Amino acid sequence: MEYFVQQLINGVTLGAIYGLIAIGYTMVYGIIGMINFAHGDIFMIGAFIGLITFLILGVAGITWVPLALAIVLIVAMLLTSVYGWTVERLAYRPLRGSHRLAPLISAIGMSIFLQNYVQLLQGARVRPMAPVVKGGVTLMEADGFAVQLSYVQILIVVVTVALMTIFALIIARTSLGRAQRACEQDRTMAALLGINVDRTISLTFVTGAGLAAVAGILFLVYYGVIDFYIGFLAGIKAFTAAVLGGIGSLPGAMLGGLLIGLIETFWSAYFTIEYKDVAAFSILVLVLIFRPTGLLGRPEVEKV
Amino acid sequence: MSLAEAETQSRDVHDKTVPSGARPLLTVDHLTMRFGGLVAVNDVSFAAGDAEITAIIGPNGAGKTTLFNCLTGFYKPTVGRLTLDSSGRQHFLERMDDFRISQKAHVGRTFQNIRLFPAMSVLENLMVAQHNALMRASGYSVLGLLGIGGYRKAEREAVDWARYWLEQVDLVDRADDNAGDLPYGAQRRLEIARAMCSRPVLLCLDEPAAGLNPRESAELNALLLYIKEKHQIGLLLIEHDMSVVMEISDHIVVLDYGRKISDGTPAFVRGDPTVIRAYLGEEEDDEIPPEVVADLAPVLAGTKPDPSDGEGR
Amino acid sequence: MTVEASRQAGGTEGTDLVALLKEAGLAALVALGLGISIIGIRTVTIPGGLGLEYRWDWVVIAVVSVFVGRFVLALRRETRSPAKRAEREVVMNRIGATVQRVSKIAGPVLVVIAIALPWMPFSNRYIVDIATLVLMYIMLGWGLNIVVGLAGLLDLGYVAFYAVGAYSYALIAVHFDLSFWLCLPLAGLFAATFGVLLGFPVLRLRGDYLAIVTLGFGEIIRVVLLNWYEFTRGPDGISGIPRPSFFGLPFSRRVQEGEQSFHTFFGLDYSSMHRIMFLYYLILVLALITNFFTMRIRKLPVGRAWEALREDEIACRSLGINPTNTKLTAFAIGAMFGGFAGSFFATRQGFISPESFTFVESAVILAIVVLGGMGSQIGVVIAAVLLIGGTELFRELEQFRMLAFGGAMVLIMVWRPRGLLAHRDPTLRLSAGGQNAGAKGGAS
């Protein structure tokens, strides 16, 4: 029982991180109908920018954790957004209206480029970071097994819930959200009605990258180690989360992220840790076979 | 039933007979298609005769293309039976996958927004249409790869069949050009030729005259009549251009808001007050001023230029 | 059209120098935003944790070059007519057509050169080795070209089939002691089976799902190979894979009593070059088979159906083509050739481990297909020679290789989405059909 609760806590924490990345996939898919393969690498870049900012703050002597975290979050979100914007502007925007494979190949090219860019500039070896948020509370204890809820886990869940709430409000209430939903429905019509489609798509990438940056920082403070390759697997899993939740659906992405986090944690805890990456992938294939629209997705009516 | 009788007789909405008395090739029974809350096609029944041109007309959004997509398997109907009865065999189209409808039931179609294989040559487009026959001839590629069996001969025959259709649509000169490089009108003709290359017993044409100039439109009429006379197949036609519809159709089915509102010979439909009302967008109960009816009659008859097209003949 | 639109969005009209400078300035600002963190500051490992190393000079260089680059590009754009893109497409298509036409004659010449290569006076072990490597990638490229170029299916995990081929060859050869020529088709069959199993559920869905599933599959195969120790010996890999023999004659120096080896049978002195040359000819033959197969199947109905599916799946369905089965054949055949190449790899190395089957390999093969021009056989050859031969020659630039490949993939897609040398000749012509149809002669 205690073991189960512990895994539940761990799974929710991991799921929160996947959910944040999955939003970026699902939004981009919703608006331009493509898989942004480079999104996992944007997450990785966010983690690196976060690491660098932490270190700079350390040098500057800002060590009060809440302040440092806030600064890191803001700086990393801003700088990672620039990457999101640039990727869209350089690799995807010129390809609108091109043949079907072009944006996908461009995206995978971008992903390879970003991985190697970071590898070259930041080195191939893993970067460990001293824990920023230490300690935790013991929830229950029995038979010598203590269920730990660390402050980092609380932080991750709180930040994720807060961000998702803000984000849901943006989509539901602001003109940006309206423009985004309009472009999702019908891009041509939205353009005719005076919505700046290019700008809306750019902003979608920018917000997606911002959320991925937060996910990157949370990943960094949770695991304490990053390297240039973390975006690859995290990207596939987050995409799986988006598909599981129903691609194009924002609540779906959050739900899917949570489920993937839980499944992966329980799989590692009760079966084998070596094959934990196989779990997410098997789910992806199973969902695609039995329920391609995902849990919350709407069936896609083919336009003939 | 004589033609004169048919022209005046009022027909029931669920009538599934062919007004000319021809053998029904396609029978649509209580077809309903729902998308979520929207009912795009609502309990439509009709029959289309063999070796006849049946036109489906109706205002935009009446459910014509949805009906086509149900017939050709791209949508699975919510309710209803679609029976194709050709050479003694019955096919229930609502149960078949889209590609099997072409493969087994031999229903061919064209699309409202032309769907060619733009990067392939005109001739290749027509060869792809004969895929299933050629696959068998090539021993599902195994014999073809080894160069044994009758594939060469089958391919030659397929080219000859393609050439025949290229002649009919006047595209022999462009046979080796990419389909995407053809002008619009030629692309429309090529799509019809491609559908015919698959040897259909029923050909469904989704607005074949859209975007054609009057000369091209007249040529299209001749082509469709030729297909009907020479190849003795059924044609199902969605069309807005009344000059095309009235001139070549044997039978017209009128849809409005997903329901069938009229069904009969061109002469009957032309005079049917429900049709006139639907085209004017009047409420059911309102009286139509006689002068409007007088104005509209020639439009429906196809003798006067359709105001929306701007060009007359 | 989209390019025009974004130009309008750029907001410059005429050669307004101030506007151009402003545009370049904005680009430079973005570059600063990009560079200030990742380029400007490097984390370094120091005793007791991580330290920082500053490289502001690099940031300055990056920002200035973006400024200048953007300015020059904007200037060029302003002074050139907007019809350039279409014009360029025509020119590039003509180049592609010329290359294709030349390759009809040059192809056999190239094959002759390839056959003669080991006998050239300048040739040595190193050159033959590189040529073998290049041919291996040519074969992989041609195999993937069936999937990506002809059928238009983006397979991002092609290396998985390569791995399946290599491991099935290795395991069968080690455990059952079967000869190379028996293992080869078995390995191809296994790889094709994996292709079918993976493709069947996914090929019914939208194309992009295939891309991500294959990407994941490539990684999963590696994870399984790493962790299923009893079967694959995990990270230790499989060693002692039997080397190929010349129809039963081994290429070994020492011969067992009563048996013969290649050199004793032909009365030659023993030379290690024999085996290397044999491997070279082996892959040459395998690659040529792949090419011959592709050229031939392209002209068969299934090949045309692949291309038609790439062009418009809905139209294909309306013509009675079963899309799933047709795509599945392309996917399985591509996988099979990947499997063949994998077994060659295993027999050449004599040792395989999961290390050889990373995503990078898939990316390299995809880059060869994309850069060469999707669907172009000669394009694959040129790209493989340049990318593989090139990186072998410039070993010191190795670390920039993948950066360049990734960047090049993006650039090619933006510049010419069908690939640099993409040009398509019809698979049959009406005018060649016998009777004169009055059509123009055609290029062939």
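Residues numbered from 1 in each chain as written. Chains lettered and ligands numbered in written order. Predicted model: local features only at pLDDT ≥ 70, side-chain atom pairs only at ≥ 80, totals over all residues. Heavy atoms only, no water.

An unreviewed UniProt entry annotates chain C as High-affinity branched-chain amino acid ABC transporter permease LivM originating from Pelagibius litoralis. In the Subcellular location (unreviewed entry) part of its UniProt record, chain C is described as follows: "Cell membrane". (UniProt positions renumbered as here; feature names shortened; annotations may be inferred.)

Under an unreviewed UniProt entry, the name given to chain A is Branched-chain amino acid ABC transporter permease LivH, and the source organism is Pelagibius litoralis. The heading Subcellular location (unreviewed entry) in the UniProt record of chain A holds the text "Cell membrane". UniProt lists a comment for chain A under the heading Sequence similarities (unreviewed entry), and it reads "Belongs to the binding-protein-dependent transport system permease family. LivHM subfamily."

**Q** Help me understand the sheet that holds strand β4 (residues 79–86) of chain B in this model?
**A** The strands making up a sheet associate through hydrogen bonds between their backbones, and the pairing can be parallel or antiparallel. Residues and elements named next belong to chain B. Ordered by their spatial adjacency, 4 strands build an open sheet running β2-β1-β4-β5, and the pairing between neighbours is antiparallel. Each edge of the open sheet carries a strand with a single partner, namely β2 (38–49) and β5 (89–92). Across the sheet, the mean angle from the axis of one strand to that of its neighbour is 15°, orientation sign disregarded. Where helix α2 (residues 64–71) meets the sheet, its contacts fall on β1 (24–35), β2 and β4, and the angle it forms with β1 comes to roughly 115°. (Pairing = 2+ DSSP bridges. Helix = DSSP H or I, 4+ residues; strand = E, 2+ residues; numbered from the N terminus. Axes fitted to C-alpha atoms, helices over the stretch in contact; angles between N-to-C directions. Contact = heavy atoms within 4.5 Å.)

**Q** It is not clear to me how the packing of helix α8 (residues 184–197) of chain B against helix α9 (residues 214–231) of chain B should be interpreted in this structure. Could you clarify?
**A** For any two helices packed against each other, one specifies the inter-axial angle together with the distance between the axes. All names here are of chain B. Contact pair α8 / α9: the axes reach a minimum separation of 11 Å and the direction vectors enclose 5°. Taken as axis vectors, α8 and α9 run roughly parallel relative to one another. Between α8 and α9, the residues in contact are G185, R189, I192 and M196 and E216, E219, L220, L223 and I227, respectively. Of the residues assigned to the contact of α8 with α9, the class counts are 5 nonpolar, 1 polar and 3 charged. (Parallel < 35°, antiparallel > 145°, perpendicular 65-115°, else oblique. Nonpolar A, V, L, I, M, F, W, Y, C, P; charged D, E, K, R; others polar.)

**Q** How should I be thinking about a nonpolar patch on the surface in this particular structure?
**A** A cluster of nonpolar side chains, I56 and V59 of chain A together with L26, L29, L32, I36, Y54 and W56 of chain C, forms an exposed patch at the surface whose accessible area comes to about 750 Å². The set of elements that each furnish at least two residues to the nonpolar patch consists of α2 (39–60) of chain A together with α2 (17–38) of chain C. The element that contributes the greatest number of residues to the nonpolar patch is α2 of chain C, accounting for 4 residues. As for its position among the elements, L32 of chain C is in helix α2. With a relative accessible area of 36%, L32 of chain C lands in the partly exposed category. (Patch = residues over 30% accessible without salt bridge, like charges linked within 9 Å, V, L, I, M, F, W, Y side chains within 5 Å. Areas by Shrake-Rupley, 256 points an atom, 1.4 Å probe, with all protein chains shown as cover. Salt bridge = Lys/Arg side-chain N within 4 Å of Asp/Glu carboxyl O. Buried < 20%, exposed > 50% of the residue type's maximum accessible area, 1.4 Å probe, protein only.)

**Q** Looking at this structure, I do not really get the UniProt feature "transmembrane region" (unreviewed entry) in chain A. What am I missing?
**A** Residues and elements named next belong to chain A. Annotation from UniProt places "transmembrane region" (unreviewed entry) at residues 12–35, 42–62, 68–87, 99–118, 150–172 and 201–222. The span residues 150–172 is 96% helix and 4% strand, and its two end C-alpha atoms sit 33 Å from each other. Secondary structure across residues 201–222 divides into 100% helix and 0% strand, with the first and last C-alpha atoms of the span separated by 31 Å.

**Q** What exactly am I supposed to notice about unusual backbone geometry here?
**A** Glycine aside, residues mostly have negative phi angles, and peptide bonds mostly take the trans form. Residues and elements named next belong to chain B. Positive phi, close to 50°, is recorded for H30, a residue that is not glycine. Non-glycine residue A51 carries a positive phi angle of around 55°. Tracing the chain through its elements places A51 in the loop between β2 and β3 (53–57).

**Q** Can you help me understand the sheet that holds strand β8 (residues 234–238) of chain B in this one?
**A** Residues and elements named next belong to chain B. Taken in spatial order, the 6 strands of this open sheet run β6-β7-β8-β3-β9-β10, and their pairing is mixed. The open sheet has two free edges, formed respectively by β6 (107–109) and β10 (259–264), since each of these has just one partner strand. Recorded for the sheet is a direction-independent mean angle of 20° between the axes of neighbouring strands. Sheet analysis places β6 next to strand β7 (residues 202–206), joined by 3 bridges and oriented parallel. Bridge pairing links G108 to L203 in β7. The sheet strands contacting α9 are β3, β7 and β8, and the helix crosses β8 at an angle near 155°.

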